[in-house]
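# Notes for the structure review
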Amino acid sequence: QVQFAESGGGLVQPGGSLRLSCVTSGFTFSTATLRWYRQAPGKERELVATISRTGGIITYATSVKERFTISRDNAKNTGYLQMNSLKPEDTAVYYCNTWNPPRSWGQGTQVTVSS
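We now examine the pairing of strand S5 (residues 46-51). Both strand S4 (residues 34-39) and S5 contribute to a ladder of five bridges, which runs antiparallel. Residue pairing across strands places leucine 34 opposite isoleucine 51, the latter belonging to S5. Counting the residues that bridge the hairpin from S4 to S5 gives six residues, and of these glycine 42 lies at a positive phi of roughly 75°. Bridge count for S5 against strand S6 (residues 58-60) is three bridges, and the pairing is antiparallel. Across the sheet, residue alanine 49 finds its bridge partner in S6, namely tyrosine 60.

What follows concerns the packing of aromatic side chains. What the rule picks out here adds up to four aromatic pairs. Taking the centre distance of 5.6 Å and the plane angle of 70° together, the rings of tyrosine 95 and tryptophan 105 count as edge-to-face. One end of the pair, tyrosine 95, is in strand S9 (residues 92-97); the other, tryptophan 105, is in the loop between S9 and strand S10 (109-113), with ten residues separating them in the sequence. Relative accessible area serves as the criterion here: at 11%, tyrosine 95 is assigned to the buried category. One Lys or Arg, arginine 72, reaches over the ring of phenylalanine 29 and ends 4.2 Å from the middle of that ring. One cation-aromatic arrangement involves arginine 103 over tryptophan 99; the distance from NZ or CZ to the ring centre is 3.4 Å.

Attention shifts here to the nonpolar core. Core analysis: the largest hydrophobic core is formed by 25 residues, its most contacted members being Trp36, Phe68, Leu81, Met83 and Tyr94. Contributing elements (two or more residues each) for this core: strand S3 (18-25), S4, S5, strand S7 (68-73), strand S8 (78-83), S9 and S10.

So, about the sheet that holds S8. If you trace the four strands from one edge of the open sheet to the other, you get S1-S3-S8-S7, paired in antiparallel fashion. Both edges of this open sheet fall to strand S1 (3-7) and S7, since each of them pairs with a single strand only. The average undirected angle you get between the axes of adjacent strands in this sheet is 15°. Summarising the sheet, S1 and S3 pair through five bridges and their orientation is antiparallel.

So, about the state of the cysteines. On inspection of all chains with the given rule, the structure shows one disulfide. What pairs with cysteine 22 in a disulfide is cysteine 96, and their sulfur atoms sit 2.1 Å apart. Judged by the sign of its S-S torsion, about 80°, the bond between cysteine 22 and cysteine 96 is right-handed. One end of the pair, cysteine 22, is in strand S3; the other, cysteine 96, is in strand S9, with 74 residues separating them in the sequence. Neither cysteine 22 nor cysteine 96 differs from the other in exposure class; each is buried.

About the criteria used
- Residues numbered from 1 in each chain as written.
- Predicted model: local features only at pLDDT ≥ 70, side-chain atom pairs only at ≥ 80, totals over all residues.
- Heavy atoms only, no water.
- Pairing = 2+ DSSP bridges.
- Helix = DSSP H or I, 4+ residues; strand = E, 2+ residues; numbered from the N terminus.
- Phe/Tyr/Trp six-rings, centres within 6.5 Å; stacked < 30°, edge-to-face > 60°.
- Buried < 20%, exposed > 50% of the residue type's maximum accessible area, 1.4 Å probe, protein only.
- Lys NZ or Arg CZ within 6 Å of the ring centre and 35° of its normal.
- Core = buried A, V, L, I, M, F, W, Y, C linked by side-chain atoms within 4.5 Å.
- Axes fitted to C-alpha atoms, helices over the stretch in contact; angles between N-to-C directions.
- Disulfide = S-S within 2.5 Å.

What follows is the structure, encoded as structure tokens:
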């Protein structure tokens, strides 16, 4: 069974940083493109960042470019999202997924940026 377990969220002040982790199981992680999504209250889920199987191709949403860094460790079946210079508008529940279109969502991890 494919599973995604996100962690690392929390409450942080504007300008702060967080590192999210995505532990996966039930499939061969190294063969899958990893994507991070987020969903803010009252808004649709949006794609934040994508990293290819070997990490050679990375893309970001315009809103997070140059602030967020996506990475992965295939040996640990784990993906990461380093978030710097956080803004209140980054407040959301963050999810990872490898399906396209995405499915079998995990619980997500709450990120709240507030002073």
